[in-house]
Amino acid sequence: MSSTSAGPLAGIRVLEVGTMLAGPYATMMLADLGAEVTKLEPTGGDISRQVSDNYFASLNRGKRSIRIELGSDAGRARLGELVADSHALLVNLKPSAIERLGLTYDALRAYNERIVCVAITGYGLHGGDDPAFDYVIQAAAGIAALTGDPEGPPTLPGYSSADNSTGLTAALGLVSQILSGRGGQIDVSLYEVMLSQLNYHASAYLNSGVIPQRRPHGAHSYYVPAQIFPTAEGHLALFVTHDGFWKTFAAEAGIDGFERMADRAARRPEVLEVVTAALSTDTAAGWESRLRPLGIPAAAVRDLPTALEASPEAIVHAGEYRLVGSPIRVQGYTPTYTPPPVLGEHGP
């Protein structure tokens, strides 16, 4: 695909000292929007290159790569030259490494007063070096305790939600500071991002003392029925959030009563029993095809291959790789997706 206009971030130059997921995902989102992103990689490259070519491509399409040893005198001099000609530097390393390598605003402002330095860490730039991988953060921040069946152990989502969420948050902070016209330090931690994403659960506890609980089938804490249900074949996610939805659903499913949300919340077991019985009369795919035209929030539970097959518009080509493209649709702009860089492709 080719651009129909310049991307909204055309002309913005971003340096990345990124490993694995959070940092590279942040800068890939920026590259998709037209920014020039250059990975600064050690001689052995970003360690994610060792996972697989597909993994690396999924986080690093559209970037440049320069090999640089940041701990050497020559590397520090080269970093200064690059910073002088860039808008931002994004790093995800442990705090002590960020400080030791001089990858902060205080260390780099001598080269460029307007450079924006973004640090992605586990617990904050001044929060210490405790290991902070995605799954550890989800456990520490209360995510795992809210996930899974209440009769089973805490569990985790099937993808790296903390890393991805933190990457997006860091990208937002980076762009915001560039727009301000001022340089400065941006500090984004995985831990605080995940606490932030527990927004309404945290508010309920902080203001009313309500401790969130895991519910069977991922049920919502208030709305009923709003959870995953078994059907004659497969599972259906149904999310009835107001009485209008219920009226339409109940008519289609042949259910009487429970007209008000407050009644459904108070009589949750009864409502779930009759809804489960009604949904057992058709397949998940059948219910989806019946309910969605009526405006009812419902979807059959798909596996990833099925979801990708149903979403061909989301898949792009970046050289030899087929990937999920940018979720940000900008009117008049189509990203040019290029393959991930070969290590040192744009400099020694």
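Reading the values: rules and limits
Residues numbered from 1 in each chain as written. Predicted model: local features only at pLDDT ≥ 70, side-chain atom pairs only at ≥ 80, totals over all residues. Heavy atoms only, no water. Phe/Tyr/Trp six-rings, centres within 6.5 Å; stacked < 30°, edge-to-face > 60°. Helix = DSSP H or I, 4+ residues; strand = E, 2+ residues; numbered from the N terminus. Buried < 20%, exposed > 50% of the residue type's maximum accessible area, 1.4 Å probe, protein only. Lys NZ or Arg CZ within 6 Å of the ring centre and 35° of its normal. Axes fitted to C-alpha atoms, helices over the stretch in contact; angles between N-to-C directions. Parallel < 35°, antiparallel > 145°, perpendicular 65-115°, else oblique. Left-handed = near helix turned anticlockwise from the far one by under 90°. Contact = heavy atoms within 4.5 Å. Nonpolar A, V, L, I, M, F, W, Y, C, P; charged D, E, K, R; others polar. Pairing = 2+ DSSP bridges.

Draft legend 1. Structural view of the packing of aromatic side chains. Tallied over the entire structure, the rule returns five aromatic pairs. Ring centres 6.1 Å apart and planes at 70 degrees place the aromatic pair Tyr223 and Phe239 in the edge-to-face group. Of the two residues, Tyr223 sits in the loop between helix 9 (199–208) and strand 7 (226–230) while Phe239 sits in strand 8 (residues 235–239), which places them 16 residues apart along the sequence. Ring geometry for Trp246 versus Phe249: centroids 5.8 Å apart, planes at 55 degrees, classification tilted. With Trp246 and Phe249 both in helix 10 (residues 243–253), this residue pair falls three residues apart, about one helical turn. Overall, Trp246 belongs to the buried group, its relative accessible area being 2%. Through a chain of ring-to-ring contacts, the aromatic side chains of Tyr222, Tyr223 and Phe239 assemble into a single cluster. Over the face of the ring belonging to Trp287 we find Arg290, whose NZ or CZ atom lies 3.9 Å from the ring centre.

Draft legend 2. Structural detail: the packing of helix 1 (residues 22–32) against helix 7 (residues 161–180). It is the contact of helix 1 with helix 7, at a shortest axis distance of 8 Å, that shows an interaxial angle of 50 degrees. Put simply, helix 1 runs oblique to helix 7. Of the two possible hands of crossing, helix 1 and helix 7 adopt the one that is right-handed. Contact residues: helix 1 offers Ala22, Tyr25, Ala26, Met29 and Leu30, while helix 7 offers Asp163, Asn164, Gly167, Leu168, Ala171, Leu174 and Val175. Class assignment for the residues of the contact of helix 1 with helix 7 results in nine nonpolar, two polar and one charged.

Draft legend 3. Spotlight on the sheet that holds strand 8. Strands sit in the order 7-8-9 across an open sheet of three strands; the sheet is antiparallel. At either margin of the open sheet sits one strand with a lone partner, and together these are strand 7 and strand 9 (298–300). The mean inter-strand angle of the sheet, taken between neighbouring strand axes irrespective of direction, is 20 degrees. Across the face of the sheet, helix 12 (residues 268–279) comes into contact with strand 7 and strand 8 while running at roughly 45 degrees to strand 7.

Draft legend 4. Representation of the sheet that holds strand 1 (residues 13–17) within the structure. A sheet is described by the order of its strands in space; here six strands give the open sequence 3-2-1-4-5-6, paired in parallel fashion. Every interior strand has two partners, whereas the edge strands, strand 3 (64–67) and strand 6 (184–189), have only one. For this sheet the average axis-to-axis angle between neighbouring strands, irrespective of direction, equals 20 degrees. Bridge count for strand 1 against strand 2 (residues 36–41) is four bridges, and the pairing is parallel. Bridge pairing in strand 2 places Glu16 opposite Lys39.

Draft legend 5. Summary view of unusual backbone geometry. Put simply, Val224 and Pro225 share a cis peptide bond, and its omega is -5 degrees. Tracing the sequence through the fold places Pro225 in the loop between helix 9 and strand 7. Located in the positive-phi region is His217, a residue other than glycine, with phi close to 60 degrees. Inspection of the secondary structure assignment puts His217 in the loop between helix 9 and strand 7. Judged by its relative accessible area of 44%, His217 falls in the partly exposed class. Of note in this structure, Phe258 is not a glycine but carries a positive phi near 60 degrees. Structurally, Phe258 is set in the loop between helix 10 and helix 11 (261–266).

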